[in-house]
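# Close look at the chain arrangement
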Amino acid sequence: MEGKATSVDVISVCTAAGEIRPLRMQLIDEEKQMLRVNIEEIVKTEEITHVGAEATVFTCRATVWDRKWLFELRYAFRSHSWSILRRLH
């Protein structure tokens, strides 16, 4: 997960106002194991444009293996894809 964006599967909900909120993600960890992560809190949401592509970056908090994770999760509007950008701590 360090160094570059990694594609992940995400279960999300869309509100009546059109807002997207990630609920759970699934990724392959360093040991090639499937990891399912429940997103406990969205700390910050930021709309960005990078090289002409619009996206939303969610700073999320979750507990993984009894450890607190803070990470950035990006939703790209044009490709309708999710990726984890980096783990903050």
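Presented here is a report on the structure given in the accompanying data block. (Residues numbered from 1 in each chain as written. Predicted model: local features only at pLDDT ≥ 70, side-chain atom pairs only at ≥ 80, totals over all residues. Heavy atoms only, no water.)

### Notes on the sheet that holds strand β7 (residues 67–76)
Quick note on the threshold: DSSP-based pairing: two strands are paired if at least 2 bridges between them are found. Strands are runs of DSSP state E lasting at least two residues, helices are runs of H or I lasting at least four, and both sets are numbered from the N terminus onward.
Ordered in space as β1-β8-β7-β6-β5, the 5 strands form an open sheet in which the pairing is antiparallel. The strands lining the two open edges of the sheet, one partner per strand, are β1 (6–7) and β5 (41–50). In this structure, β1 lies alongside strand β8 (residues 81–87), joined through 2 bridges in antiparallel fashion. Opposite T6, over in β8, you have I84 as the bridge partner.

### Quick look at the sheet that holds strand β2 (residues 9–14)
Threshold: Note on definitions: angles span 0 to 180 degrees between N-to-C directions of axes, and those axes are lines fitted to C-alpha atoms, for helices only across the stretch in contact.
Taken in spatial order, the 3 strands make up an open sheet running β2-β3-β4, and their pairing is antiparallel. Two strands lie at the open edges of the sheet, namely β2 and β4 (34–38), each paired on one side alone. Ignoring strand direction, the axes of neighbouring strands in this sheet form an average angle of 15 degrees.

Geometric descriptors of this kind do not, in isolation, establish any biological role.
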